[in-house]
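Chain by chain, the residues run as shown.
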Amino acid sequence: MSDQDAVPQPPEAERPTANAMRRALKRARDGVALDVTEAAVLLQARGDDLADLTTSAARVRDAGLEAAGRPGVITYSKSVFIPLTRLCRDKCHYCTFVTVPGKLRREGHGMFMSPDEVLDIARKGAELGCKEALITLGDKPEDRWPEAREWLDAHGYDDTIAYVRAISIRILEETGLLPHLNPGVLSWTDFQRLKPVAPSMGMMLETTAERLWSEPGMPHYGSPDKEPAVRLRVLEDAGRSSVPFTSGLLIGIGETYEERADSLFALRRVARSYHAIQELIIQNFRAKPDTAMRGMPDAELDDLVATVAVARHIMGPAGNIQAPPNLVDGEYARLIAAGIDDWGGVSPVTIDHVNPEKPWPKLEELAAQSAEVGFELRERLCVYPEFVTRGEPWLDPRLLPHVNALSDADGLAVADAPVVGRPWQEPDEGYVASSGRTDLHRTIDTEGRTSDRRDDFDVVYGDWEALREQAAPGMEPSRIDGDVRSALKQAADDPTKLTDDEALALLHAEGPALDALCGIADDIRKSVVGDDVTYIVTRNINFTNVCYTGCRFCAFAQRRTDADAYTLSLDQVADRAQQAWDVGAVEVCMQGGIHPDLPGTAYFDIAKAVKERVPGMHVHAFSPMEVVNGASRTGMSIREWLTAAKEAGLDSIPGTAAEILDDEVRWILTKGKLPAADWIEVIKTAHDLGIRSSSTMMYGHVDQPRHWLGHLRTLAGIQQETGGFTEFVTLPFIHTNAPVYLAGIARPGPTTRDNRAVTAMARVLLHPHIPNIQTSWVKLGTEGAAEMLRSGANDLGGTLMEETISRMAGSSYGSYKSVKDLIAVADAAGRPARPRTTLYGEVSEERVTAARSSDGHLPELLPVLEP
């Protein structure tokens, strides 16, 4: 490739007209929201127009600083730069940070910095009062370089992220610096692994210009991690995981002004949706020798100033805007005038390894230059003060002692705070004690919940208005015109050959067509499992409702300080299991919120507590979300964690946390729950280890029948591969107290038509792979459950004994049904009933007798509804 070929040339752009510039400047002055076209015009402001633009941008910045309680303050972070590895699988044409294994060997370096090398730099920084360890590295080097894989294997790390996590813990414990992680593209699971060890993370978006990645000769061509959609997904996953995140643009790499404006608006959309972007870095391209883009001209200072000003207008007063001070040739005043409020990381110890030719300014010089234009230079931590003062869920409890030791009441750094290592450990070194409203399982039926929503309703779930726009297509399920008659014939003749179009037609069926569909499903049910309606004598134990995940459909989750919050002790969990055994139960189903104080090993403790007290009890526990949480908190892989849980007494897992296995719907329903691919990974891994699971679908919110179809096809595919599902459970959305409904986004649950269609089509589409279809009496009531038994279902689930999740959401059907009650539901459907085990086996005569003799006479602790 020639040098000329390697210099990206943006398409020729016409200069904006004087009228277009005047209009855009006036809108900026007046504080009117800009659009992409206006932003692209303003990016080209020069001379007097640029002065006008920066004046209005500075006014926006000053309003934000005033509102934040730090008027006239510009911040920086005193840091050390740790290039953990300079190997990378990408091939960016402007990068001098990345190198190759041979060159590292020739220079006497390893493929990764050793722990001793990292800690030596961090200790030097701590001695000089640095508080941030900026850990930067190439993307997934082991995917490209065998030498990187060999180094990781030799040192006992599964992947680069495992080493990043381990070295971050050592930095915290041995030096006191706070890690800020820049490991490149991260998955949702990676965020769960790294959040407990780093207060903040970052990754530059750089640009949303697809052509700069997809076309030969462009700067990101051949770099899989520079695909704009991939990088935007990382920003969204950071928000979903409540990780304070730094991002920004690299300007002057061949993008057009329209593309640059689009990039800024993309960042604004993510910031608005999740409130997790803590700062935007506007970085100007500087050509480097020995790179393919060495002939590209540097981004001009006016270009940088205009981009900072436009970014300030787009991000608004609450945004934090940074420009690296070592890349502006001393023109500090112009950047401050354009609207920045931060200088980023400045190190008295290490060079800028990304721009090694540009030394950091002296802090004294930076302070003096800032003071000349009326700004006081103040030190911050790697995590911005807004997130320090917000606390949970933004900062993991294991990091709070480290952050609090270095921060003041406003969330800024205490400049002279001693920087010393502190223990990083599981909260309280074990399972937390009992606390809160531990009788909620009973009093939810008698006293109800304290209020219909959490106090932080307006902020904890993200931006409701952005969600309304995103959810609008699903509010009213579209109807389709399909040949229902031929689809019914195919379902009756051979349901395994139904096409997607035919299945969708049936999912939309109404009136006589729906009756016919339910009849076909019921015939399939009879041929597969017979007429018996099965049920299980079980007890639900929801061991905590403290959770900060931010699921927008969940009315169960509470903050630790909320009036309805509670956590059971291990003894209380075991007591409830013992009581359930005494009245004939064969299973306990245990799930809880993602409590920030519970260590990842708490789940093992819960399973052990039940097995030690009641060895014969089947432990059906821990949703895939809880599995991922446990694994990420312990640093174990999913397989390792599930293996340890099985050894502790786990017998099977509930296939909850599935909701709808389509991320289009999933990211409206939930802010921070695991993506569909991760749910599937957990389930397949469990099945491979011999841990069976149920499968579920929650429907009737912002979904459409096409999502139900995709979900059911996915479950059928998993079952064909693993055979590990015991049943499929329909979970109608309970809307009453669900935040997504209270915000006016979700529908008020499924209709009776929807319930019949979903139950019938579950029977049809999952045939012959999943033979058992369960209906939920706690969500549908007696009559509704009986109707589903006539529509293809064959199982009623359990006696439950306590049920808090649906009741907190507003279900009015109680928390307990006796065996006689369940038999009565089967009677209403004209069918016999019999008990079963979790795995649909026969129940021992001893258990049947115990359940029969105790039926309707449960211990006082258990919630019995009066007739």
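Quantities reported herein were computed from a predicted structural model and do not represent experimental measurements.

Regarding the overall build of the protein chain
At step 1: A count of helical and extended segments in the protein chain gives 35 helices and 21 strands.
At step 2: Rg of the C-alpha trace for the protein chain: 29 Å, near the compact-globule value of 29 Å for 867 residues, within the 12% margin.
At step 3: Counting only C-alpha atoms, the protein chain reaches 85 × 60 × 55 Å along its principal axes.
At step 4: In the protein chain, buried positions account for 63% of the 867 residues.
At step 5: At a minimum sequence separation of 6, the contacts of the protein chain that also span at least 24 residues come to 78%.
At step 6: As displayed, the protein chain has an accessible area near 31,200 Å², and 49% of this comes from carbon and sulfur atoms.
At step 7: Each charge class in the protein chain was averaged separately, 92 positive and 128 negative side chains, and the resulting centres sit 1 Å apart.

Some remarks on the packing of aromatic side chains
At step 1: In this structure the tally under the stated criterion is 16 aromatic pairs.
At step 2: The interplanar angle of 80° and the centroid separation of 6.4 Å between the aromatic rings of Y94 and F285 together place this pair among those described as edge-to-face. Of this pair, Y94 sits in the loop between β1 (73-85) and α4 (101-106) while F285 sits in the loop between β6 (277-284) and α12 (301-315); the two residues are 191 residues apart in sequence, bridging distant segments of the chain.
At step 3: Classification of F285 by relative accessible area gives buried; the value is 2%.
At step 4: Ring geometry for F543 and Y603: centres 6.3 Å apart, planes at 75°, overall edge-to-face. With F543 in the loop between β12 (538-542) and β13 (566-567) and Y603 in helix α24 (residues 602-613), this residue pair connects regions lying 60 residues apart in the sequence.
At step 5: A relative accessible area of 0% places F543 in the buried class.
At step 6: An aromatic cluster is built from F543, Y603, F604, F622 and W641, whose rings are joined through pairwise contacts.

Regarding the side chain of T759
At step 1: Along the chain, T759 turns up in helix α31 (residues 752-766).
At step 2: On the accessibility criterion, T759 (1% relative accessible area) is buried.
At step 3: One polar contact links the side chain of T759 to the main-chain carbonyl oxygen of N755, over a distance of 2.9 Å.
At step 4: The residues touching T759, leaving out its near neighbours within four places in the chain, are T730, I773, M788, S791, G792 and A793.

Some points on the confidence of the model for the protein chain
At step 1: Averaged over the protein chain, the pLDDT score is 89; the fraction of residues at 70 or greater is 90%.
At step 2: Every residue in residues 861-867 is under pLDDT 50, and counting partners more than four places away or in other chains gives 20 contacts.

Examining the pattern of salt bridges
At step 1: The final tally for this structure, using the stated rule, is 48 salt bridges.
At step 2: Ionic pairing is found between D225 and R89, a salt bridge with its closest N-O pair at 2.7 Å. Of this pair, D225 sits in the loop between α9 (211-214) and α10 (228-240) while R89 sits in the loop between β1 and α4; the two residues are 136 residues apart in sequence, bridging distant segments of the chain.
At step 3: Look at D225 and you get buried, because its relative accessible area is 1%.
At step 4: A salt bridge links R525 to D531, with the shortest nitrogen-to-oxygen separation between them at 2.8 Å.

Topic: the packing of helix α28 (residues 676-688) against helix α29 (residues 705-722)
To describe two helices that pack against each other, one gives the angle between their axes and the distance between the axes.
At step 1: In the contact formed by α28 and α29, the axes pass within 10 Å of each other and the chain directions differ by 25°. When the axes of α28 and α29 are compared, the pair comes out roughly parallel. Seen from above, α28 lies across α29 with right-handed handedness. Note on element contacts: α29 touches α28 through T714, L715, I718, E721 and T722, opposite W679, I680, I683, K684 and H687.
At step 2: Here the contact of α28 with α29 is built from residues that sort into five nonpolar, three polar and two charged.

Side note on helix α1 (residues 18-29)
At step 1: For α1, spanning twelve residues, the distance from its first C-alpha to its last is 16 Å, which sits close to the expected 16 Å at 1.5 Å a residue.
At step 2: Of all the residues in α1, the buried ones are A20, M21, A24, L25 and A28. The arc that holds the buried residues of α1, viewed along the axis, is 125°, so those residues lie on one side. What points out from α1, more than 90 degrees from its buried face, is the exposed set R22 and R23.
At step 3: The inward-facing, buried residues of α1 abut α2 (36-42), α3 (48-68) and α12.
At step 4: G31 sits one or two residues past α1 and shows a positive phi near 75°.

Here we look at the packing of helix α26 (residues 638-648) against α28
At step 1: Interaxial distance between α26 and α28 falls to 10 Å at its minimum, and their mutual angle equals 50°. With respect to each other, α26 and α28 are oriented oblique. The handedness of the crossing between α26 and α28 comes out as right-handed. Residues I638, R639 and L642 of α26 touch α28, and the partners they reach there are E681, V682, T685, A686 and D688.
At step 2: For the contact of α26 with α28, the residue count by class is four nonpolar, one polar and three charged.

Here we look at the state of the cysteines
At step 1: For the structure on display, the rule yields zero disulfides.
At step 2: Of the cysteine sulfurs around C88, a residue in no disulfide, the closest is that of C92, at 6.6 Å.
At step 3: The buried category is assigned to C88, whose relative accessible area is 6%.
At step 4: Looking at C92, it has no disulfide partner, and the nearest cysteine sulfur is the one in C95, 6.2 Å off.
At step 5: A relative accessible area of 18% places C92 in the buried class.

Reading the values: rules and limits
Residues numbered from 1 in each chain as written. Predicted model: local features only at pLDDT ≥ 70, side-chain atom pairs only at ≥ 80, totals over all residues. Heavy atoms only, no water. Helix = DSSP H or I, 4+ residues; strand = E, 2+ residues; numbered from the N terminus. Rg over C-alpha atoms; globule rule 2.2 N^0.38 Å. Buried < 20%, exposed > 50% of the residue type's maximum accessible area, 1.4 Å probe, protein only. Contact = heavy atoms within 4.5 Å. Areas by Shrake-Rupley, 256 points an atom, 1.4 Å probe, with all protein chains shown as cover. Lys, Arg positive; Asp, Glu negative; His and termini not counted. Charge placed at Lys NZ, Arg CZ, Asp CG, Glu CD. Phe/Tyr/Trp six-rings, centres within 6.5 Å; stacked < 30°, edge-to-face > 60°. Polar contact = N/O pair within 3.5 Å; in protein donor to acceptor, adjacent residues only side chain to side chain. pLDDT = per-residue confidence, 0-100. Salt bridge = Lys/Arg side-chain N within 4 Å of Asp/Glu carboxyl O. Axes fitted to C-alpha atoms, helices over the stretch in contact; angles between N-to-C directions. Parallel < 35°, antiparallel > 145°, perpendicular 65-115°, else oblique. Left-handed = near helix turned anticlockwise from the far one by under 90°. Nonpolar A, V, L, I, M, F, W, Y, C, P; charged D, E, K, R; others polar. Expected span 1.5 Å × (residues − 1). Arc of directions from axis to C-beta. Disulfide = S-S within 2.5 Å.

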